[in-house]
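Listed here are the chains, written in short residue letters.
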2 protein chains.
Amino acid sequence: MTETRPTLAVLGGTGKEGTGLGLRWARAGYSVIIGSRSAERAVEAAAAMNAQLGLNTVRGLGNAEAATAGDIVVLTVPPEAQLPTLEGVRAELQGKVLVDATARVDARNPKPPEGQASARLAQDLLGPGVRVVGAFQNVPAHALKQLDHELASDVLVTADDAEARAAVVVLAEATGMRAYEAGGLDNGLVVEGLTALIIAMNKRYKSKTGGIRISGISQAKEVIGN
Amino acid sequence: MTETRPTLAVLGGTGKEGTGLGLRWARAGYSVIIGSRSAERAVEAAAAMNAQLGLNTVRGLGNAEAATAGDIVVLTVPPEAQLPTLEGVRAELQGKVLVDATARVDARNPKPPEGQASARLAQDLLGPGVRVVGAFQNVPAHALKQLDHELASDVLVTADDAEARAAVVVLAEATGMRAYEAGGLDNGLVVEGLTALIIAMNKRYKSKTGGIRISGISQAKEVIGN
């Protein structure tokens, strides 16, 4: 080991998006913990991922145990489960980075979410002891799971804590995507809302692979410091 | 003439963005009218544009006269001037398409706008007799004015009226940009908000040319019908 890598816990990790991210992080050499409301389902999902990758670095645990074991915790649950799930792991998350991938957009009636960014709601619930980061709200889950699929969508990472934001850019790039620091937590509202536009464009142009990319800016890894 | 092209009136057309759009449309063969609060300044700006392009197809008028003369009217004024300007041309716009480029983001304190999309506020003010379209909120004005500059930013066009939306995609492509229909008028709130993220990324990565592009979707012109 030439560097110390954080252990990553993915809560809601048995879903499409969590599985896709977990597979890509495990393949990139991270220790990954799949968290689920059902520890049994998490163990099964982890075993399937290890089998697919020919590894034994993915573990399955209940959400609370996963949150305890992870250095960085990633939340990939449906919007209605976001705050209840976080409520249940509030204590376990203190002192850690939480990455919130929640996008409150209904695919059947896509429109921009109102009020505050999901990640801001998470921050308010968890308190100042947790550094919340918004990311991965627009990533096409089906493409994530296809490991040989090049992801043509960039990740916009928003957080009030610059160190946490930079750490999540590194994680996003480990999945094979380009990632950019895109300002504070409140900007996550726009990233969520982009999901509504991508759904509208996919429908209009009969596509399933719409995404957004950033142009005119050097990639994150080429820039040192702030 | 192999086709009938709409006459384009650009209200606030003496500003950077309006001048850039007007220059590019005139170069593409459109009749362009520059509107301004001051007819005199509009005439001067139009003369300068004609001189730059070697044309005589750009005219300058006061905003109300410009709105009367244009088939499609484009609004490029600072956010605080949006609704007052529209109030002054409400009667002239009836029966026409209004393209609203307003993005209510303060460059010194960039954050996502709250409430409704600017274009929705315009629609509410103008009433159902005007078809409002949101577009060009993120276009870098300095790049627009450099006619030899390839614009690496896509235009997201939002409107509740499908015909008006498609017409503005054609206009956007005439400037040299790629353009996409991105759903209804309310989605414009997200397009406005992207301005805050682009400002944050430009600051973070020491750039002046940040923009967004759509990936994974065939370009508008390759798709027929809806």
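Here the structure is shown first, and the text comes after it.
These remarks concern the structure in this document.

Conventions used here
Residues numbered from 1 in each chain as written. Chains lettered and ligands numbered in written order. Predicted model: local features only at pLDDT ≥ 70, side-chain atom pairs only at ≥ 80, totals over all residues. Heavy atoms only, no water. Least-squares fit on C-alpha atoms with pLDDT ≥ 70 in both. Pairing = 2+ DSSP bridges. Helix = DSSP H or I, 4+ residues; strand = E, 2+ residues; numbered from the N terminus. Axes fitted to C-alpha atoms, helices over the stretch in contact; angles between N-to-C directions. Contact = heavy atoms within 4.5 Å. Expected span 1.5 Å × (residues − 1). Buried < 20%, exposed > 50% of the residue type's maximum accessible area, 1.4 Å probe, protein only. Salt bridge = Lys/Arg side-chain N within 4 Å of Asp/Glu carboxyl O. Polar contact = N/O pair within 3.5 Å; in protein donor to acceptor, adjacent residues only side chain to side chain. Phe/Tyr/Trp six-rings, centres within 6.5 Å; stacked < 30°, edge-to-face > 60°. Lys NZ or Arg CZ within 6 Å of the ring centre and 35° of its normal.

**Focus: the relation of the copies chain B and chain A**
- Rotating chain B by 180° and translating it 0.0 Å along the rotation axis places it on chain A, where the RMSD comes to 0.0 Å. A rotation of that kind, with that shift, is consistent with a two-fold axis.

**Let's talk about the sheet that holds strand E2 (residues 32-36) of chain B**
All names here are of chain B.
- The sheet built from 8 strands is open, its strands ordered E3-E2-E1-E4-E5-E6-E7-E8 with mixed pairing. Since the sheet does not close on itself, it has two edges, and those belong to strand E3 (58-62) and strand E8 (179-181), each with one partner. On average, each strand axis in the sheet is inclined to that of its neighbour by 25°, with strand direction left out of account.
- Strand direction decides the pairing type here: strand E1 (residues 8-11) and strand E4 (residues 72-75), joined by 4 bridges, are parallel. Across the sheet, the residue bridging to Leu11 is Leu75, located in E4.
- Contacting strand E5 (97-100) and strand E6 (131-134), helix H6 (residues 118-126) crosses the sheet at an angle of about 170° to E6.

**Some details on helix H1 (residues 16-27) of chain A**
All names here are of chain A.
- Here H1 contains 12 residues, and its C-alpha end-to-end distance of 16 Å stays within 8% of the 16 Å for a straight helix at 1.5 Å per residue.
- Here H1 lies mainly inside the structure; 10 of its 12 residues are buried.
- Burial in H1 covers these residues: Glu17, Gly18, Thr19, Gly20, Leu21, Gly22, Leu23, Arg24, Trp25 and Ala26.

**What to know about the interface of chain B and chain A**
- Tallying the contact residues gives 39 residues for chain B and 39 residues for chain A.
- Between Glu181 of chain B and Arg204 of chain A there is a salt bridge, with the nearest N and O atoms lying 3.1 Å from each other.
- Here chain B and chain A share 13 residue pairs in polar contact (both at pLDDT 80 or more) between them.
- Contributions of two or more residues to the side of chain B that touches chain A are made by E8, helix H9 (188-204) and strand E9 (211-215) of chain B.
- Of all the elements, H9 of chain B adds the most residues to the side of chain B that touches chain A, at 10 residues.

**Re the environment of Gly183 of chain B**
- Residue position: Gly183 of chain B is located in the loop between E8 and H9.
- Assessed through its relative accessible area of 14%, Gly183 of chain B is described here as buried.
- C-alpha of Gly183 of chain B to C-alpha of Val139 of chain B: the two residues are 44 residues apart in sequence and 19 Å apart in space.
- Leave out the neighbours within four places in its chain, and Gly183 of chain B touches Ala200 of chain A together with Val157, Thr158, Ala159 and Arg165 of chain B.

**Thoughts on the pairing of strand E9 (residues 211-215) of chain A**
- Most of E9 of chain A sits out of view: 4 of its 5 residues are buried.
- Looking at chain direction, E9 of chain A and E9 of chain B are connected through 5 bridges and run antiparallel. Pairing of Ile212 of chain A across the sheet is with Ile214 of chain B, part of E9 of chain B.

**Describing the packing of aromatic side chains**
- Applying the stated criterion across every chain yields a total of 4 aromatic pairs over all chains.
- Measuring from ring centre to ring centre gives 5.7 Å for Trp25 of chain A and Phe136 of chain A, while their planes differ by 75°; the resulting arrangement is edge-to-face. With Trp25 of chain A in helix H1 and Phe136 of chain A in the loop between strand E6 (131-134) and helix H7 (141-145), this residue pair connects regions lying 111 residues apart in the sequence.
- Between the aromatic rings of Tyr180 of chain A and Tyr205 of chain B, the centroid separation amounts to 5.9 Å while the plane-to-plane angle is 85°, which identifies the pairing as edge-to-face. Of this pair, Tyr180 of chain A sits in strand E8 (residues 179-181) while Tyr205 of chain B is found in the loop between H9 and E9, placing the two residues in two different chains.
- In this structure, Arg5 of chain A packs its charged tip against the face of Tyr30 of chain A, placed 4.5 Å from the ring centre.

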